[in-house]
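# Fold and geometry: a report
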Amino acid sequence: MAETSLPKRRTADGPPRASGSRILRLFHRSESARGYLMMAPTLTIMTFGIVVPFVILIVISLWTRHGFGFDTTLTLANYVRSWNEPIYGTLLLRSFWISGVATAITVLLCYPMAYYVAFHVHRNKMMWIILMTLPFWTSYLLRVFAWKVILGYEGVINSGLMSAGLIEAPLSFLLYSPTAVIITLAHAWAAFAILPLYVSLEKIDRSLLEAATDLGDGPMARFFRVTLPLSMPGVIAASFLIYIPTTGDYITPALLGGPDGAMIGNLIQLQFGAVNNWPMGATLSIVLMLWIAALALVFLLVTRKVQGRIT
Amino acid sequence: MSSYIKRPNRALQLYAVLFLIVLYVPVLFIPLFSFNDSIYVRFPLQGVTLKWYGELWTREPVWNALWNSVKVGLVVSVISTVLGVMAARAITRTRMRGKGALVTFIMMPLVIPGIIFGVALLVLLSRLGVPLSLYTVGLGHLIICLPFAVATLLPRFEGFDPSMEEASADLGENGWWTFWRVTFPMVMPGIVASLLLTFTISFDEFIMAFFLTGTDPTLPMYIWGQLRFPKEFPSVLAMAALILFVSFALVFVAQWIGRKGLEEQE
Amino acid sequence: MTPSDRFISIRSVSKRFGAFTAIEDISMDIGQGEFFSLLGASGCGKTTLLRMLAGFEAPSKGEIFIDDQPMSDVPPHHRPVNMVFQSYAIFPHLNVRDNIAYGLRKQKLASTRRAEMVEEMLDLIKLPGYGNRKANELSGGQRQRIALARALILRPKVLLLDEPLGALDKQLREQMQLELRALQRQVGITFVFVTHDQEEALTLSDRIAVMSGGKVLQVDTPAGLYETPRTRAVASFIGTMNFFRGTVRRNGSVMAAIEAEGLGTIPMATAQLTKPDGAPVQIALRPEKFSLSPKRPEGGLAVEGRLRTAAYMGERSQYYLSIPGKAEPVAVSAPNSHRLMGGHDLPEGQALWLSWSPESIVMLDID
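Everything numeric in this text was worked out from a predicted model, so none of it was measured.

## A few points about the overall build of chain C
Each helix and strand counted, chain C has eight helices and 20 strands in total. In terms of principal-axis extent, the alpha carbons of chain C reach across some 75 × 50 × 40 Å. Here chain C holds 367 residues, and 50% of them are scored as buried. Within chain C, counting contacts between residues at least 6 apart in sequence, those at least 24 apart form 66% of the total. For chain C, the accessible surface area stands at approximately 16,800 Å², while carbon and sulfur atoms represent 50% of it. Side-chain charges in chain C split into 43 positive and 40 negative, and the spacing between the mean points of these groups amounts to 3 Å.

Written as structure tokens, this is what we have:
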């Protein structure tokens, strides 16, 4: 390594400059120490931004609301409540269901696109990748808002169909329904799914595909026996990357979901806002996290099993 | 050279084009209706006007919110990029124990719902008695921007040969000057890309800002507030169109610089 | 020609990639059961030709027949050929058994029969008991054998091999060469083998096509290529060769001679020399066709030269001598079984006599 060889040579030439301080010398000698030092600011921020808040979140979830303050006796009361009162379970289940459907749709729709760019685009690949991922980087709020404009009671679709004379009255099922939430989520997270899918497909050695063809597979058999199994890591990554953040989303359900499309995120937001029950909000956040972790684990195990059997 | 495998597939080509259209059209309705001379966002279009843009121009709160977002965005992008450079360098150039775990840790915000970060930080700050302000929004944004900065910069550091740094050391430069004369120019495109991306993320971020904003709203917070009033829709559309345009431009340039440089190296 | 000599028939095949011509009007035949090599430097078109046989590239012009069937409209997965890829292309998500059985899917075999065939193949490639190994647990040599087994289990009419030994280290490569040759004799399948390594081609092949710039320069047996190369390009590609420019000298119709630079006048049989008096020719002599001696040998053809450098190479030594009338030094190879001058190192500038026989002279086409 560049930085280690230099101080070492100086040590050999004469009295080392860093001789005054034992710590400095350790710093020069140990790559590990230098690595940690360089990462220290990042790690500090991440620790204060993730670990500490999570610990406090757990602690608060064990408190209870007491008037406008907290009763700091540690108790599992909130967890028991979240388990017993049907509203929490219902919203949690609905969140998982909506996110699950949105994730499945997104991955299914994005896979052919990623496949196309990985295998059939030869020039300006970079352009395609940027084009596909560009919308993801722009305001999530605005993209959701765009769907409100489209699906709204007097929105683009309804008013468009009406002025074309195809329908008499606006279609009411478009806005404020789980369907609206699913469509919006699938659209908003598409770019996030494309990248891992594309990377896993692009990584597949082309000679493996030729080998499959050479050994007698037509395009279909080749896809299911080689391409798909080898791109499974990308499918899994894409699923995680969409499923996890969308389960906690509250903007989309708030703007487009209506009462039937509300998700657990809306409930958490309410606890910290209008309801003003922070311990309950903390509890719900923790419960959400635990469920996500559990589901992710199951998902991972199942895909491993399936992947082993596909061939 | 795999001609057989690469034979063009018309169906797939058509699908790709449709995909891109569906990806972009919903977003393009925003600028379309922002020029519509009607308070209602619906077809048929009523004629072209710039009045919604004109109205924006005269609104004091819009300018304040914009300025707030720019301030937060600039600070967050610079800090997260500097920290990202240090982290990426440490990850690629030193043998550290537990490196994999550290990288996973830094990338965690990518796979945890933003709302949980938001409420966790809110709880921490309120326990510490820190008042909510643009600083707290910035802290929240820093946490979600860092993984993106590191992810953008890592390939740059991985992409260039450490022996170039060794050559510089061998030719007599110390670590500091080696960084400025060799490392920095080599990873420059990554740094620019990281700055632009993190700025855009912070500028557009809403989920954490919702929990962490004090009395000074950022632009997305301001827009969220306006969404309750349908009569404000047209001016929100105009604002959204401007933001989309700037975001698209920034991210496009960032991605182009970032990837272009990588391809040249290969 | 018997039909089995034309088992693979390549008729006027060209291949262009845009403006670049990879293969230019190649016609040749490969016989059934032959071990046939395509030899050439990288970019000479040998891999493109192989990939056209496999069906991964379509000829821009011309037609390829395999066992009398035109191949143009046959996609790769329906061709009676299989390939061993340069990278081996072992499927990383499958174990050894499933890799070898990959192509058997369409044959609708009972699973016991399939398992039996895989075991037979594992025995054939000397890897019994490796069926459950994962692809990433295999060494380069093992991967190569599995790639071979995976193709051979389908009993193809032709096996195509794209530099299959290139990734192996020298010792393993030599061992695999022997095994490959033995295996080919055992299974009797036609092998088309692509390599840039001339020694490998000479060791393995029944016949070799030397390729350059998208064209076939010469098709011949290994001995034929080495002893009687037709052009300077072929001669210099295979082994070391000394080249001499010369002029035909005729004195009547019975006797003819070549006056070659540095070698003087060499009498030739008229049958060997058809060109008219005064025509320029190019002749070539392999380094081992010269003999070295400190004194002028009795009779025969000889010139005196001075030693420039000598390289000791184990079983033989390579000497470079300058001779009057020729700018480049002449390479001479002599066995070390009884070393010159009693085994002492020869000093630079030492005068030595080179002698040769007229039969060892190769006449080249002027290219």
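## Considerations on the sheet that holds strand β10 (residues 215-220) of chain C
All names here are of chain C. Spatially, β6-β7-β8-β3-β9-β10 is the arrangement adopted by the six strands of the open sheet, whose pairing is mixed. Every interior strand has two partners, whereas the edge strands, β6 (81-84) and β10, have only one. On average, each strand axis in the sheet is inclined to that of its neighbour by 20°, with strand direction left out of account. In terms of strand pairing, strand β3 (residues 35-39) meets strand β9 (residues 207-212) through four bridges, oriented parallel. By the bridge assignment for β9, S37 is matched with I208. Those strands touched by helix α4 (residues 140-152) are β6 and β7 (158-162), and its axis lies near 175° from that of β6.

## Remarks on the domain arrangement of chain C
Residue and element names in this part refer to chain C. Domain parsing of chain C yields domain 1 (3-229) and domain 2 (242-364). The C-alpha centroid of domain 2 is placed 40 Å from the C-alpha centroid of domain 1. Facing five residues of domain 1, the contacting portion of domain 2 comprises six residues. Summing the contributions of domain 1 and of domain 2, the shared interface buries around 420 Å²; its carbon and sulfur component is 42%. It is Y226, E227 and P229 in domain 1 that bury the most area against domain 2; as a group they hold 96% of the surface buried on that side. On the surface where domain 1 and domain 2 come into contact, there are one salt bridge. For the pair domain 1 and domain 2, the interface holds three residue pairs in polar contact (both at pLDDT 80 or more). Across the side of domain 1 that touches domain 2, the residue classes break down as three nonpolar, one polar and one charged.

## A short note on a nonpolar patch on the surface
Together, L14, V17, L18, I21 and V25 of chain B make up an exposed nonpolar region whose accessible area comes to about 430 Å². Mapped onto the elements, V25 of chain B comes out in helix α1 (residues 10-34).

## With respect to empty space enclosed by the protein
Using the criterion set out here, one finds one cavity of 30 Å³ or more in the structure. If you add up the space inside the largest cavity, you get close to 580 Å³. Along the wall of the largest cavity there are 29 residues; nearest its centre are F136 and W189 of chain A together with I144, E205 and I207 of chain B. Looking at the lining of the largest cavity, the elements with two or more residues in it are α7 (140-151) of chain A together with α5 (114-128), α6 (134-159), α8 (175-204) and α9 (207-212) of chain B. Split by residue class, the lining of the largest cavity holds 20 nonpolar, five polar and four charged.

## What about the confidence of the model for chain C?
Regions with low pLDDT should not have their predicted coordinates read in detail. Across chain C, pLDDT averages 89, with 95% of residues at or above 70. Among the prediction metrics, the complex's ipTM stands at 0.80, with pTM recorded as 0.82.

## Observations concerning helix α4 (residues 99-107) of chain B
Looking only at α4 of chain B, the buried set comprises L102, F105, I106 and M107 of chain B. On its buried face, α4 of chain B is in contact with α3 (31-61) of chain A together with α6 of chain B.

## Notes on the pairing of β3 of chain C
Across a regular strand the side chains alternate sides, sitting on one face of the sheet and then on the other. Residues and elements named next belong to chain C. Taken across its five residues, β3 has five buried, putting it largely inside the fold. Both faces of β3 are covered, namely the face carrying F35, S37 and L39 and the face carrying F36 and L38. By the bridge criterion, five bridges tie β3 to strand β8 (residues 190-195) in an arrangement that is parallel. Along β8, the bridge assignment pairs S37 with F193.

## So, the UniProt feature "domain: ABC transporter" (unreviewed entry) in chain C
When the UniProt feature table is mapped to this numbering, "domain: ABC transporter" (unreviewed entry) covers residues 8-238 of chain C. Annotated as residues 8-238 of chain C, this span is 34% helix and 26% strand, and its ends, taken at the C-alpha atoms, are 25 Å apart.

## Regarding the interface of chain B and chain A
Contact with chain B, which involves 96 residues of that partner, is made by 98 residues of chain A. When chain B packs against chain A, the two sides together hide about 8,900 Å² of surface, and 79% of this comes from carbon and sulfur. Taken together, the links from chain B to chain A amount to zero salt bridges. Ranked by residues supplied to the side of chain B that touches chain A, first place goes to helix α11 (residues 233-265) of chain B with 15 residues. In the side of chain B that touches chain A, the residues fall into 69 nonpolar, eleven polar and 16 charged.

## Digging into the pattern of salt bridges
Summed over the entire model, instances satisfying the criterion amount to 24 salt bridges over all chains. Where E202 of chain A meets R206 of chain A, a salt bridge forms, and the shortest distance between an N and an O atom there is 3.9 Å. Look at E202 of chain A and you get partly exposed, because its relative accessible area is 30%. Here R225 of chain A ties to D217 of chain A by a salt bridge, and the two come within 3.1 Å at their closest N and O atoms. There is no split in this pair, since R225 of chain A and D217 of chain A are both buried. What emerges from the salt-bridge pattern is a single network uniting R245, E261, K326 and E328 of chain C.

## Re the sheet that holds strand β17 (residues 316-322) of chain C
Residue and element names in this part refer to chain C. With antiparallel pairing, five strands are arranged side by side in an open sheet as β15-β19-β16-β17-β18. The strands lining the two open edges of the sheet, one partner per strand, are β15 (291-293) and β18 (330-335). The mean inter-strand angle of the sheet, taken between neighbouring strand axes irrespective of direction, is 45°.

Conventions adopted
- Residues numbered from 1 in each chain as written.
- Chains lettered and ligands numbered in written order.
- Predicted model: local features only at pLDDT ≥ 70, side-chain atom pairs only at ≥ 80, totals over all residues.
- Heavy atoms only, no water.
- Helix = DSSP H or I, 4+ residues; strand = E, 2+ residues; numbered from the N terminus.
- Buried < 20%, exposed > 50% of the residue type's maximum accessible area, 1.4 Å probe, protein only.
- Contact = heavy atoms within 4.5 Å.
- Areas by Shrake-Rupley, 256 points an atom, 1.4 Å probe, with all protein chains shown as cover.
- Lys, Arg positive; Asp, Glu negative; His and termini not counted.
- Charge placed at Lys NZ, Arg CZ, Asp CG, Glu CD.
- Pairing = 2+ DSSP bridges.
- Axes fitted to C-alpha atoms, helices over the stretch in contact; angles between N-to-C directions.
- Domains from an automatic or database assignment.
- Buried area = accessible area lost by both parts, 1.4 Å probe.
- Salt bridge = Lys/Arg side-chain N within 4 Å of Asp/Glu carboxyl O.
- Polar contact = N/O pair within 3.5 Å; in protein donor to acceptor, adjacent residues only side chain to side chain.
- Nonpolar A, V, L, I, M, F, W, Y, C, P; charged D, E, K, R; others polar.
- Patch = residues over 30% accessible without salt bridge, like charges linked within 9 Å, V, L, I, M, F, W, Y side chains within 5 Å.
- 1 Å grid on protein atoms, 1.4 Å probe; cavity = no way out; pocket = protein on both sides within 12 Å on 5 of 7 lines; lining within 4 Å.
- Points joined across faces, edges and corners; volume = space filled by probe spheres on them.
- pLDDT = per-residue confidence, 0-100.
- UniProt positions renumbered as here; feature names shortened; annotations may be inferred.

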